[in-house]
Amino acid sequence: MEFLIYQVVFFLLFNGFEANGVADSLIRDSCKNASKYEEPYYYNFCIKSFKENPESQKVRNIDDLIVVGVKNAMKNMTNVRGIVEKILKERKYKTRLSEKLLRECLKLYSEGNDSLIKGIQYFKVRNYKRAHGNINDARYAPRTCEMKFNGDNNQTSPITKENDILFDLVGIPISLNFEAHIMPPDV
């Protein structure tokens with residue numbers, strides 16, 4: 001009886017390590033593919049973004065990983081939105097124009113989050129092109145927010161770093177989906 005208990009414990013531990021190995025390998029390989037056309041830091045950024053989410057250790061295939069990537073982007077979009085709301089609430093903006101631009105950014109983040117939600121819905125029904133389009137639309141939120149500040153109005157964005165990270169986080173599932181489902185195999 002005692003031997004049987006040891007076998008069960010060993011089996012459970014071994015499967016746990018093997019599962020983590022599958023997820024880790026999938027993350028590394030997928031991030032390598034996703035970072036082919038990106039900046040040199042992107043590979044490590046991609047891996048780190050998945051490692052910080054415990055859900056990523058449960059992934060078994062690229063589709064699971066893409067969904068986790070979209071959820072990471074949604075969480076970050078919500079966090080950046082919260083930062084902007086706090087800046088507005090505490091009146092930590094420099095001018096009335098900055099306040100107006102931050103309010104416009106809030107609207108962009110809401111639209112971006114809606115696009116990510118639609119992207120996951122399309123992805124789950126295997127409509128990869130529509131999912132790709134919706135997730136890609138979400139990537140415009142941080143860029144458009146930054147462009148509003150950096151245009152002719154000479155305002156300084158208080159959230160440039162956060163928008164840059166958000167832009168890259170949204171880019172991860174876009175790149176993974178493109179590599180796995182959109183790009184023709186002979187390209």
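Below: a short report on this structure. A quick note: this is a predicted structure, and the numbers were derived from the prediction, not measured.

Right, let's talk about helix 5 (residues 128-138) for a bit. When helix 5 is considered as a whole, its buried residues turn out to be Y128, A131, H132, N134, I135 and A138. Structurally, helix 5 contributes buried residues whose contacts are with helix 3 (62-89), helix 4 (96-124), helix 6 (140-149) and helix 7 (160-182).

A complete count under the given rule lists two disulfides for this structure. Between the sulfur atoms of C31 and its disulfide partner C46 the distance amounts to 2.0 Å. Sign of the S-S torsion, about -75° for the bond between C31 and C46, identifies this disulfide as left-handed. Of the two residues, C31 sits in helix 1 (residues 2-34) while C46 sits in helix 2 (residues 42-51), which places them 15 residues apart along the sequence. For C46, a relative accessible area of 0% translates into the label buried. There is a disulfide in this structure between C105 and C145, and the S-S distance comes to 2.0 Å. Taking the sign of the S-S torsion, 95° for the link of C105 and C145, the bridge is right-handed. Highlighted residues: C105 in helix 4 and C145 in helix 6, separated in sequence by 40 residues.

The subject of this paragraph is the environment of L101. Note that L101 resides in helix 4. The exposure class assigned to L101 is buried, which follows from its relative accessible area of 5%. Discounting chain neighbours no more than four positions away, the residues touching L101 are K148, F149, N153 and Q155.

On to the pattern of salt bridges, then. On inspection of all chains with the given rule, the structure shows 11 salt bridges. In this structure, E99 engages R96 in a salt bridge whose closest nitrogen and oxygen atoms are separated by 3.0 Å. Of the two residues, E99 and R96 are both situated in helix 4; the distance of three residues between them amounts to about one turn of the helix. Since its relative accessible area comes to 12%, E99 is described here as buried. Relative accessible area serves as the criterion here: at 66%, R96 is assigned to the exposed category. One salt bridge connects E104 with K148, and the closest N-O pair in it is separated by 2.9 Å. Here K148 lies in helix 6 and E104 lies in helix 4, a separation of 44 residues in the sequence. Assessed through its relative accessible area of 27%, K148 is described here as partly exposed.

About the cut-offs
Residues numbered from 1 in each chain as written. Predicted model: local features only at pLDDT ≥ 70, side-chain atom pairs only at ≥ 80, totals over all residues. Heavy atoms only, no water. Buried < 20%, exposed > 50% of the residue type's maximum accessible area, 1.4 Å probe, protein only. Helix = DSSP H or I, 4+ residues; strand = E, 2+ residues; numbered from the N terminus. Contact = heavy atoms within 4.5 Å. Disulfide = S-S within 2.5 Å. Salt bridge = Lys/Arg side-chain N within 4 Å of Asp/Glu carboxyl O.

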